[in-house]
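# A structural walkthrough
For reference, the chains in residue letters:
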Amino acid sequence: MTVALMWEARATQGRGAELLAWARAQELPGAPVRRETFRAPQDRVLVITWWKASYDDPGIPELPDPPGDLVTRPVHRWRFESLGDTP
């Protein structure tokens, strides 16, 4: 089974590049199957990691919270179970 973890944060005004660099520099224990990083308007950064694990596996590593002065609100996190590709 493959599980995707989404991590999304919004930087304080004008610090989007700094938040992006911080997120990219975070190492996780173990190697995910895949890791992608995205950016969006309003200095938002999104990281998605894919793991070979069950949905409720408590051992899946997650990105930590960035320094409090770098973000405007708490980090949002979601966990998804892959249902496979749709033709």
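Note that this is a predicted model, so its numbers are computed, not measured.

Rules of the game
Every chain is numbered on its own, with residues counted from 1 as its sequence reads. Only residues with pLDDT of at least 70 get local features here, since the model is predicted, and only at 80 or more are side-chain atom pairs given and counted; chain-wide, interface and lining totals rely on the full set of residues. Remark: hydrogens and water are excluded; side-chain values derive from all non-hydrogen atoms of the structure. Strands are runs of DSSP state E lasting at least two residues, helices are runs of H or I lasting at least four, and both sets are numbered from the N terminus onward. Relative accessible area decides the class of each residue, using a 1.4 Å probe on protein chains only: under 20% of the type maximum gives buried, over 50% gives exposed, and in between gives partly exposed. Residue contacts are defined here by distance: any two heavy atoms, one from each residue, within 4.5 Å place the two residues in contact. Methods summary: accessible areas were calculated by the Shrake-Rupley approach with a probe of 1.4 Å, and residue burial reflects only the protein chains presented. For the charge count, each Lys or Arg is scored as positive and each Asp or Glu as negative, with His and the chain ends excluded. All charge positions are set by atom: Lys at NZ, Arg at CZ, Asp at CG, Glu at CD. Here the arc refers to the directions that run from the helix axis out to each C-beta atom. Pairing between strands requires that DSSP locate at least two bridges from one strand to the other. In these notes, a set of buried Ala, Val, Leu, Ile, Met, Phe, Trp, Tyr and Cys residues joined through side-chain atoms within 4.5 Å is what counts as a nonpolar core. In this analysis, rings of Phe, Tyr and Trp, with Trp reduced to its six-membered ring, are considered paired at centre separations within 6.5 Å, and the interplanar angle assigns stacked below 30 degrees, edge-to-face beyond 60, and tilted for intermediate values. When the NZ atom of lysine or the CZ atom of arginine is within 6 Å of a ring's centre and also within 35 degrees of its normal, the charge is said to sit over that ring.

## Here we look at the overall build of the chain
The secondary structure content of the chain amounts to 1 helix and 4 strands. For the C-alpha atoms alone, the extent of the chain along its principal axes is close to 40 × 30 × 20 Å. Scored against the burial criterion, the 87 residues of the chain give a buried share of 34%. Considering only residue pairs separated by 6 or more positions, the chain has 66% of its internal contacts joining residues 24 or more positions apart. Accessible surface, the chain: about 5700 Å² in total, of which carbon and sulfur atoms supply 52%. Treating the 11 positive side-chain charges of the chain as one cloud and the 12 negative ones as another, the clouds have centres 5 Å apart.

## What to know about helix H1 (residues 16–25)
What sets the pattern is the α-helix's 3.6 residues per turn: residues three or four places apart point alike. Within H1 the residues assigned to the buried category are Gly16, Leu19, Leu20, Trp22 and Ala23. Viewed end-on, H1 has its buried residues packed into an arc of 165°, placing them on one side of the element. Residues of H1 that are exposed and angled more than 90 degrees away from the buried face: Ala17, Arg24 and Ala25. Where H1 is buried, its residues touch strand S1 (2–10), strand S2 (34–40) and strand S3 (44–52).

## Some details on the pairing of S2
Bridge analysis of S2 against S3 gives 7 bridges, and the strand direction is antiparallel. Bridging across to S3, Arg39 finds its partner in Val45. Hairpin connection between S2 and S3: a loop of 3 residues separates the two successive antiparallel strands, and Gln42 in this loop has a positive phi of roughly 65°.

## Considerations on the nonpolar core
If you look at the biggest cluster of nonpolar residues, it comprises 19 residues, and the most contacted ones within it are Trp7, Leu19 and Val45. When residues of this core are traced back to their parent elements, those giving at least two are S1, H1 and S3. Among all residues touching Leu19, those that are not within four sequence positions of it are Trp7, Ala9, Arg10, Ala11, Asp43, Val45, Pro66, Leu70 and Val71.

## Observations regarding the packing of aromatic side chains
Throughout the structure, instances matching the rule amount to 1 aromatic pair. Taking 6.0 Å as the distance between ring centres and 25° as the angle between the ring planes, the aromatic pair formed by Trp7 and Trp22 counts as stacked. With Trp7 in strand S1 and Trp22 in helix H1, the pair connects residues that are 15 residues apart, well separated along the chain. The exposure classification of Trp7 matches that of Trp22, with both residues buried. For Arg34, the ring lying beneath its charged end belongs to Trp50, and the centroid distance is 4.4 Å.

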